[in-house]
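Architecture and fold: a report
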Amino acid sequence: MNFFRGDAHKIYIHLKKNRNAIRQSKYLKELHEVREFYESLESDVLQLIYYRLVKEQNGSGMIPIFVSSIPFLFLIFSQQLQKILLQEGSRNWLIFVVFYIVGITAALIFHFRERAWASSHVEMIKDILEERKTCSSK
């Protein structure tokens, strides 16, 4: 049942199996490169990037609007859709349903993956800025 545990558990299992090569892991290598880049920037620039990423992370975006508004659009044109999709002997409705479900699913997956990446970048920047603040106050 590992299929239902999500990416975090898959990463944990992968890292646990390859303990000796954790630093070379593909899961951590990209994050390390991102962190190194952010560490190379000045604090004021990093703060501006942080603000922008928080905006991206908290913004509703077009995908949730798309997902919630399309059904209402279908209601407006329901009479015409019924004529097209439910013609006798036609399988247009099946094609429509499959494309609709695949499209909505892909859009939601894309949206939540983008939010997850924004969250990781925000956390990295926050940690770097806090470390710099702690080091400068000592």
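The sections below set out a description of the structure shown in this document. This structure is a prediction, so every number in the text was calculated from the model and none was measured.

Calculation rules
- Residues numbered from 1 in each chain as written.
- Predicted model: local features only at pLDDT ≥ 70, side-chain atom pairs only at ≥ 80, totals over all residues.
- Heavy atoms only, no water.
- Helix = DSSP H or I, 4+ residues; strand = E, 2+ residues; numbered from the N terminus.
- Rg over C-alpha atoms; globule rule 2.2 N^0.38 Å.
- Buried < 20%, exposed > 50% of the residue type's maximum accessible area, 1.4 Å probe, protein only.
- Contact = heavy atoms within 4.5 Å.
- Lys, Arg positive; Asp, Glu negative; His and termini not counted.
- Charge placed at Lys NZ, Arg CZ, Asp CG, Glu CD.
- Core = buried A, V, L, I, M, F, W, Y, C linked by side-chain atoms within 4.5 Å.
- Phe/Tyr/Trp six-rings, centres within 6.5 Å; stacked < 30°, edge-to-face > 60°.

Here the focus is the overall build of the chain. Within the chain, the regular secondary structure consists of six helices and zero strands. The C-alpha radius of gyration computed for the chain amounts to 23 Å, which surpasses the reference 14 Å derived for 138 residues by more than 25%, pointing to a less compact arrangement than a globule. When each of the 138 residues of the chain is scored for burial, the buried share is 17%. Contacts in the chain between residues at least 24 apart in sequence constitute 73% of all its contacts with a sequence separation of at least 6. When the 19 positive and 14 negative side-chain charges of the chain are each reduced to one mean point, those points stand 8 Å apart.

Right, let's talk about the nonpolar core for a bit. In summary, soluble globular proteins display a tendency toward joint burial of nonpolar side chains. Formed by V34, Y38, L41, L46, Y50, L53, V122, M124, I125, I128 and L129, the largest nonpolar core amounts to 11 residues. Listing elements by their share of this core, those giving two or more residues are helix 2 (26–40), helix 3 (43–58) and helix 6 (92–137). Among the elements that make up this core, the one with the highest residue count is helix 6 (five residues). Setting aside its immediate chain neighbours within four residues, I125 contacts Y38, L46, I49, Y50 and L53.

This part covers the packing of aromatic side chains. Counting across every chain of the model gives three aromatic pairs. Aromatic pair F96 and Y100: ring centres 6.1 Å apart, planes at 10 degrees, arrangement stacked. Taken together, the residues F96 and Y100, both in helix 6 and four residues apart, mark about one turn of the helix. Classification of Y100 by relative accessible area gives partly exposed; the value is 26%.

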